[in-house]
Amino acid sequence: MISDCKAVLFDFDGTLADSSEGIFKSLIYAFECDGKPAPAESTLRKFIGPPIYDSFKNLFGYTDGKIDFMIEKYRERYREKGYSETRIYDGIPELLCTLREKGIKIATASSKPTVFIEQILKEHGLYGYFDYIGGTQFDNISADKSAVLQSAMDALGVTARETVMVGDRLFDIRGAKGVGVPCIAVLYGFGSREEFVEYGAEYIVETPAQIETLIFGE
C-alpha cells in the first residue's frame, strides 16, 4: 500500500492508452512527405515517451527547420485521424472509476499535446474522471517531464509526498524522481522490466488492477 496517496498522475501513451497505431501511421506519413522510407517498427516505438522534437533530433539528426516540417506533417495526419486510432487499455476505465470513488485526485502528466489528450479522453468517455489534464502545447520544443508533473501537482494542490506517478518509460521515472514522486512503471506499455530496474522505478506492475492494489492495499 502506498501511504498518504491523494493524487495519481498518469502518463498517456503506453499507460492509459495504446496509441501506437495512430502514432506510427502518422510518423510514416511524415517520412513519406520527406521522401524517406518508413523506419523499422523498433525505431518508431522509440518515439513513444520522449517529446517528439527530441526524437526527430536524436534518432535522425534532423536540424531545427526540418524538425518543424516533420512535426507539422506528423500532426497533419494525427489531427485528421491518427488520434482516433487509439485503444484504451483494458482495466483503465475501472481503475479511474475506483480512484474517483475513493476520493483520489487524477491528472495526466504527459509529453503529448494537451489538445490530443482531451480529444481522446472525451471520445472514449473518460474525460470526466480527470481533475487536470497535464500535457504540452504545440509550441513546446522539448518538454521537461518534471515540469509537467510539478504543474499537475500545483493544479491539484498536492505535495510530492501525496502523489504517485504512473508511466511506462524511463522518461516517466526520471520526471518523477525530478520532483520527488514515486513511480509505478507498467509492463503493458512500451517499456521493459530491464529499463524500469535500470532507472529505479519504485514499483513495477503488469496490469491496471495491480495499480489499484498498490495504492489501496486491497
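Keep in mind that what you see is a predicted model, and the values were worked out from it rather than measured.

> Any details on the overall build of the chain? Residues and values, ideally.
Each helix and strand in the chain was counted, giving 10 helices and eight strands. In summary, the chain has a C-alpha radius of gyration of 17 Å against a globular reference of 17 Å for 218 residues, a match within 12%. For the chain, the spread of C-alpha atoms along the principal axes amounts to about 55 × 35 × 30 Å. Intrachain contacts of the chain at a sequence separation of at least 6 include 65% that bridge at least 24 residues. Counting only carbon and sulfur atoms, one obtains 48% of the accessible surface of the chain, whose full area is about 9,700 Å².

> Talk me through the nonpolar core; I want residue IDs and the actual numbers.
In terms of nonpolar packing, the biggest core is built from 51 residues, with Val8, Phe10, Phe56, Leu99, Ile211 and Ile215 touching the most fellow members. Contacts of Phe10, omitting those with residues within four sequence positions, involve Thr15, Leu16, Leu95, Leu96, Leu99, Ile106, Ala107, Thr108, Ala109, Phe130, Met165 and Val166. Core analysis: the second largest hydrophobic core is formed by 19 residues, Met153, Ala176, Cys183 and Ala201 among them.

> Any chance you could break down the sheet that holds strand 5 (residues 132-136) for me, citing the residues and the numbers?
With parallel pairing, the six strands of this open sheet are ordered in space as 5-4-1-6-7-8. Edge positions in the sheet fall to strand 5 and strand 8 (203-205), since each of these pairs with one other strand and no more. For this sheet the average axis-to-axis angle between neighbouring strands, irrespective of direction, equals 20 degrees. Note that strand 4 (residues 105-113) and strand 5 share four bridges and pair parallel. Bridge pairing links Thr108 to Ile133 in strand 5. Packed onto the sheet, helix 5 (residues 92-101) meets strand 1 (7-10) and strand 4 and runs at close to 155 degrees relative to strand 1.

> I'd like to hear about the packing of aromatic side chains, residue by residue, with values.
Overall, the coordinates contain nine aromatic pairs when judged by the stated rule. A ring pair is formed by Phe60 and Tyr62, whose centres lie 6.1 Å apart and whose planes are at 25 degrees; its orientation type is stacked. Here Phe60 falls in the partly exposed class, since its relative accessible area comes to 32%. Feature note: the residues Phe31, Phe47, Phe56, Phe60 and Tyr62 constitute an aromatic cluster, connected by ring pairs. Note that Lys102 overlies the ring of Phe216, its terminal NZ or CZ placed 4.5 Å from the centroid. Over the ring of Tyr127 we find Lys122, and its NZ or CZ is 4.8 Å from the ring centre.

> Before we move on, can you summarise the pairing of strand 7 (residues 183-186) with the specific residues and values?
As a general feature of sheets, a regular strand has side chains that alternate between the two faces. Burial along strand 7 is two-sided: the residues Cys183 and Ala185 and Ile184 and Val186 are all buried. Where strand 6 (residues 163-167) lies against strand 7, three bridges are found, and the strand directions are parallel. By the bridge assignment for strand 7, Val166 is matched with Ile184. Read from strand 6 through helix 8 (residues 170-178) to strand 7, the crossover connection turns out right-handed. Regarding the hand of the β-α-β motif, the stretch spanning strand 7, helix 9 (residues 193-199) and strand 8 is right-handed.

> I'd like a description of the packing of helix 3 (residues 52-60) against helix 4 (residues 64-80), backed by residues and values.
Two elements in contact, helix 3 and helix 4, have axes separated by 10 Å at closest approach and are oriented at 125 degrees. As far as their axial angle goes, helix 4 and helix 3 are oblique. When the axes of helix 3 and helix 4 are compared, the crossing they make is right-handed. Where helix 3 abuts helix 4, its residues Ile52, Tyr53, Phe56 and Lys57 lie against Asp64, Ile67, Met70, Ile71, Tyr74 and Arg75. In terms of residue class, the contact of helix 3 with helix 4 is made up of seven nonpolar, no polar and three charged.

> Let's hear about the side chain of Arg75: which residues, and what values?
Summarising the element assignment, Arg75 is placed in helix 4. Using a relative accessible area of 11% as the deciding quantity, one classes Arg75 as buried. The residues touching Arg75, leaving out its near neighbours within four places in the chain, are Ile52, Pro113, Phe116 and Phe138.

> Give me helix 8: which residues, what numbers.
Counting along an α-helix, one turn takes 3.6 residues, and residues three or four places apart therefore face a common direction. Of the residues making up helix 8, those classed as buried are Leu170, Asp172, Ile173, Gly175 and Ala176. If you follow the buried residues of helix 8, they end up packed against helix 7 (145-156), strand 6, strand 7 and helix 9. A positive backbone phi angle near 75 degrees is found at Gly180, which sits one or two residues after helix 8.

The rules we used
- Residues numbered from 1 in each chain as written.
- Predicted model: local features only at pLDDT ≥ 70, side-chain atom pairs only at ≥ 80, totals over all residues.
- Heavy atoms only, no water.
- Helix = DSSP H or I, 4+ residues; strand = E, 2+ residues; numbered from the N terminus.
- Rg over C-alpha atoms; globule rule 2.2 N^0.38 Å.
- Contact = heavy atoms within 4.5 Å.
- Areas by Shrake-Rupley, 256 points an atom, 1.4 Å probe, with all protein chains shown as cover.
- Core = buried A, V, L, I, M, F, W, Y, C linked by side-chain atoms within 4.5 Å.
- Buried < 20%, exposed > 50% of the residue type's maximum accessible area, 1.4 Å probe, protein only.
- Pairing = 2+ DSSP bridges.
- Axes fitted to C-alpha atoms, helices over the stretch in contact; angles between N-to-C directions.
- Phe/Tyr/Trp six-rings, centres within 6.5 Å; stacked < 30°, edge-to-face > 60°.
- Lys NZ or Arg CZ within 6 Å of the ring centre and 35° of its normal.
- Right-handed = clockwise from strand over helix to strand, strands pointing away.
- Parallel < 35°, antiparallel > 145°, perpendicular 65-115°, else oblique.
- Left-handed = near helix turned anticlockwise from the far one by under 90°.
- Nonpolar A, V, L, I, M, F, W, Y, C, P; charged D, E, K, R; others polar.

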